[in-house]
Amino acid sequence: MTRPHLSIVLCTYNGAAYLQPQLDSLLAQTRLPDEIVIADDGSTDASMDMLQAFAQRARETGIAVQLQRNPENLGYVGNFSAGLRRAEGGLLFLCDQDDVWRADKLARMVERLERDPSLLLLHSDARLVDAQGRSLQCSLFDALQMTPQEKQAIHAGNAFDVVLRRSFVTGATAALRRSLVELALPVETGWVHDEWLTAVAAAVGKIDFVDEPLIDYRQHGANQIGMRRRTLAMKWQDLLLPRGRLLSDEALRLKQLEAFLTRSGFPGSAERAAQVCHKFDHFDRRVAIGRLPRLRRLPAIIREARSGCYRRYGTGGRSMLRDLLRHD
């Protein structure tokens with residue numbers, strides 16, 4: 001069997017403070033990549049010097065390296081999208097600048113992807129660490145509060161049902177096939193690249209996960225998107241947040257996904273588009289509920305609960321409480 005061509009897509013921006021341990025971990029992999037595509041988004045710190053030295057080291061081991069500094073800042077979604085387009089591998093691995101990969105990450109994920117050619121996207125758990133790399137005694141999946149039922153649904157090939165409820169794939173842990181990139185890009189406006197790739201992959205094919213932490217996911221003040229275990233106080237504050245704009249923005253994103261699925265024309269696309277439309281209608285009704293005085297919201301919330309939509313597209317009782325308590 002021909003070995004798959006592996007590409008790591010690493011995006012950087014003023015990441016010199018944490019970059020070197022990540023670079024070292026890439027060259028310490030038990031299965032080395034064939035290519036590393038580095039997209040720097042106009043760093044003004046020492047990142048480029050570190051990347052140039054790393055590129056030389058990587059090339060000496062036989063790894064092809066593309067190192068490009070963007071002439072203008074693209075933002076992290078645009079930067080990852082550009083890097084994915086330049087990568088030549090059949091299997092692509094997203095890589096953040098401030099994490100550290102376990103030495104067997106590539107080998108473990110490649111073995112899983114080779115064993116199941118139907119997988120379009122594979123991700124893993126991660127160990128949450130602080131800025132100094134010390135364990136926060138919490139895994140990424142724990143912080144995301146992934147339930148056994150959600151995990152079972154994903155393993156069973158029903159990830160799209162979970163995607164319609166909430167985000168659960170972190171790009172820094174993800175590997176994907178080139179066919180997914182060719183289908184899904186460009187990322188629709190308002191979507192984060194890993195959310196969009198996950199939604200498309202789950203709609204058109206299969207995604208799964210390795211239930212082990214294959215990276216140290218560093219949490220610090222400069223994270224683009226961070227993660228931590230939610231406390232009771234955080235959960236209470238979450239119930240009171242104004243959500244009208246958030247729900248409206250999510251409804252717009254759903255319309256974009258519905259339009260994509262409708263025009264893509266893959267087998268089952270009409271059914272997937274109908275599912276997305278059903279969630280859009282639910283969110284539209286939730287926006288309307290939030291415009292009502294609080295004392296008049298309860299009948300509408302009860303009707304929505306009886307339809308099963310709060311459970312299907314949200315967190316059940318907690319979503320109902322949000323609609324009852326929030327101010328828009």
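Everything discussed here concerns the structure shown above.
In what follows, the accompanying structure is described. (Residues numbered from 1 in each chain as written. Predicted model: local features only at pLDDT ≥ 70, side-chain atom pairs only at ≥ 80, totals over all residues. Heavy atoms only, no water.)

Moving on, we come to the pattern of salt bridges. Applying the stated criterion across every chain, the model contains 20 salt bridges. Where Asp104 meets Arg102, a salt bridge forms, and the shortest distance between an N and an O atom there is 2.7 Å. For Asp104, a relative accessible area of 23% corresponds to the partly exposed category. Salt-bridge contacts for Glu150 lead to Arg165; the nearest nitrogen and oxygen are separated by 3.6 Å. In this pair, Glu150 sits in helix α6 (residues 148-155) while Arg165 sits in the loop between α7 (159-163) and β8 (175-177), placing the two residues 15 residues apart along the sequence. Taken together, the salt bridges that share partners define one network made up of Arg102, Asp104, Arg108 and Glu212. (Salt bridge = Lys/Arg side-chain N within 4 Å of Asp/Glu carboxyl O. Buried < 20%, exposed > 50% of the residue type's maximum accessible area, 1.4 Å probe, protein only. Helix = DSSP H or I, 4+ residues; strand = E, 2+ residues; numbered from the N terminus.)

What follows concerns the side chain of Thr198. Tracing the sequence through the fold places Thr198 in helix α9 (residues 193-204). Taking relative accessible area as the criterion, Thr198 reaches 5% and is therefore assigned buried. Within the structure, the side chain of Thr198 is placed 2.7 Å from the backbone oxygen of Asp194, a separation counted as a polar contact. What Thr198 contacts, discounting residues up to four positions off in sequence, is Leu121, Val163, Phe168, Val169 and Ile207. (Polar contact = N/O pair within 3.5 Å; in protein donor to acceptor, adjacent residues only side chain to side chain. Contact = heavy atoms within 4.5 Å.)

As for its placement among the helices and strands, Gln145 is situated in the loop between α5 (140-144) and α6. According to the relative accessible area criterion, Gln145 is partly exposed, its value standing at 33%. Spatially, the C-alpha atom of Gln145 lies 13 Å from that of Asp211, the residues being 66 residues apart in sequence.

Right, let's talk about the packing of helix α1 (residues 16-27) against helix α2 (residues 47-60) for a bit. Where α1 contacts α2, the two axes come as close as 10 Å, and the packing angle between them is 10°. When the axis of α1 is compared with that of α2, the two are roughly parallel. For the pair α1 and α2, contact is made by Ala16, Leu19, Gln20, Leu23, Asp24, Leu26 and Leu27 and by Ser47, Met50, Leu51, Phe54, Arg57 and Ala58, respectively. Considering only residue class, the contact of α1 with α2 consists of nine nonpolar, two polar and two charged. (Axes fitted to C-alpha atoms, helices over the stretch in contact; angles between N-to-C directions. Parallel < 35°, antiparallel > 145°, perpendicular 65-115°, else oblique. Nonpolar A, V, L, I, M, F, W, Y, C, P; charged D, E, K, R; others polar.)

The amide bond that connects Leu185 to the next residue, Pro186, takes the cis arrangement and shows omega of 5°. Notably, Asn14 is not glycine yet its phi reads approximately 45°, a positive angle. Within the fold, Asn14 resides in the loop between β1 (6-12) and α1. For Asn14, a relative accessible area of 31% corresponds to the partly exposed category. Located in the positive-phi region is Gln137, a residue other than glycine, with phi close to 55°. Note that Gln137 resides in strand β7 (residues 135-139). By relative accessible area, Gln137 is classed as exposed at 64%.

Turning our eyes to something else, we now look at the pairing of β1. Burial of β1 is extensive: seven of the seven residues sit out of reach of the surface. Bridge analysis of β1 against strand β2 (residues 35-40) gives six bridges, and the strand direction is parallel. When the sheet's bridge partners are listed, Ile8 is paired in β2 with Ile36. In this region the chain leaves β1, passes through α1 and returns to the parallel neighbour β2; the handedness of that crossover is right-handed. (Pairing = 2+ DSSP bridges. Right-handed = clockwise from strand over helix to strand, strands pointing away.)

The next thing to look at is the pairing of strand β6 (residues 119-129). Where a strand is regular, its side chains alternate between the two sheet faces. For β6, the buried fraction is high: 10 of the 11 residues fall into the buried class. By the bridge criterion, nine bridges tie β6 to strand β9 (residues 206-218) in an arrangement that is parallel. Looking at β9, one finds that Arg127 is bridged to Asp216. Across two bridges, the pairing between β6 and β8 is antiparallel. Bridge assignment links Leu122 to a residue of β8, and that residue is Ala175. Where β6 meets β7, two bridges bridge the pair, whose relative direction is antiparallel.

Let us look at the side chain of His193. If you trace the backbone, His193 turns up in helix α9. Residues in contact with His193, not counting those within four places in the same chain, are Tyr76, Val77, Phe80, Leu94 and Val187.

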